[in-house]
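Read off the chains here:
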Amino acid sequence: MKLVYVFDAYCGWSHGFSATLHEVVARHPGLPVEVVSGGLFTGSRRVPIREFGYVQGANAKIAELTGAEFGAAYEELIADGSFVMDSAAAARGVAALRQAAPDRAVELATALQHAFYVDGQSLSETATYRQLAKAAGLDADAVAAAFEGPEAPAAAADDFRRAAELGVTGFPTLLAVDGDSVTPLAYGHGTADEIDERFAALRTP
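Residues numbered from 1 in each chain as written. Predicted model: local features only at pLDDT ≥ 70, side-chain atom pairs only at ≥ 80, totals over all residues. Heavy atoms only, no water.

Asks: Explain the packing of aromatic side chains to me, please; I cannot follow it from the model alone.
Replies: Ring pairs (aromatic) are described by centroid distance and by the angle formed between their planes. Inspection of every chain in the model, using the stated rule, returns 13 aromatic pairs. On the basis of an interplanar angle of 50 degrees and a centroid distance of 5.9 Å, the ring pair of Phe-70 and Tyr-74 is categorised as tilted. With respect to class, Phe-70 is no different from Tyr-74; both count as buried. Both rings, one in Phe-83 and one in Phe-116, keep their centres 5.6 Å apart while their planes meet at 25 degrees; by these two values the pair is stacked. Of the two residues, Phe-83 is situated in the loop between α3 (72-78) and α4 (87-100) and Phe-116 in helix α5 (residues 105-117); the sequence distance between them amounts to 33 residues. Accessibility classification places Phe-83 together with Phe-116 in one group, the buried group. Among the aromatic residues, those joined into a cluster by ring pairs are Tyr-10, Phe-70, Tyr-74, Phe-83, Phe-116 and Tyr-117. (Phe/Tyr/Trp six-rings, centres within 6.5 Å; stacked < 30°, edge-to-face > 60°. Buried < 20%, exposed > 50% of the residue type's maximum accessible area, 1.4 Å probe, protein only. Helix = DSSP H or I, 4+ residues; strand = E, 2+ residues; numbered from the N terminus.)

Asks: Mind showing me how you'd approach the nonpolar core here?
Replies: One broad rule of soluble globular proteins: the nonpolar side chains tend to lie buried together. Residues Tyr-10, Met-85, Phe-116, Leu-123 and Leu-174 are the most contacted members of the largest nonpolar core, which totals 51 residues. Among the elements that make up this core, the one with the highest residue count is α5 (8 residues). Within the second largest apolar cluster, 10 residues are counted, among which are Val-36, Val-168, Phe-171 and Leu-175. (Core = buried A, V, L, I, M, F, W, Y, C linked by side-chain atoms within 4.5 Å.)

Here it is as structure tokens:
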């Protein structure tokens, strides 16, 4: 049995789910967690943020429901509407960080979202990953090289494919996976207690 967390680094609801995810992981320290990037803003959806008129309203709802922070630097970054959220670039970054510290994937994925939604850093810039790697005590040069390297696009595509194979259509989604059995524990949002109830039901004979 393991948990599989499918999220998109540019998804506000995934950012809002970060605290719950950390609580769930803390309650089950021996349980493996696989972190998978989804492709929310790719292809025709890779456009300036002004094209998504719902973003500010959605963020307000997310903050109200989950207590998630949306920082002043983030608001400044998106203020003129020209910023482009590129989920493929973010997925390359998640893969680079995950490669550097596989057992810290949850910590690093949520730190990446904090870098965007609080600190206003682009997830398409190598400098963002260097800074995150240094803060986490990782080899910043190795992480930057993995983010920029020729294998990075394939790593992102592999994540998108994995998400599709799991049947995930929205983010965040938390799954319990046991062999071929895949059970949703949370979609969009949820509390650690709610997730634990569902998880406990799976383990009850």
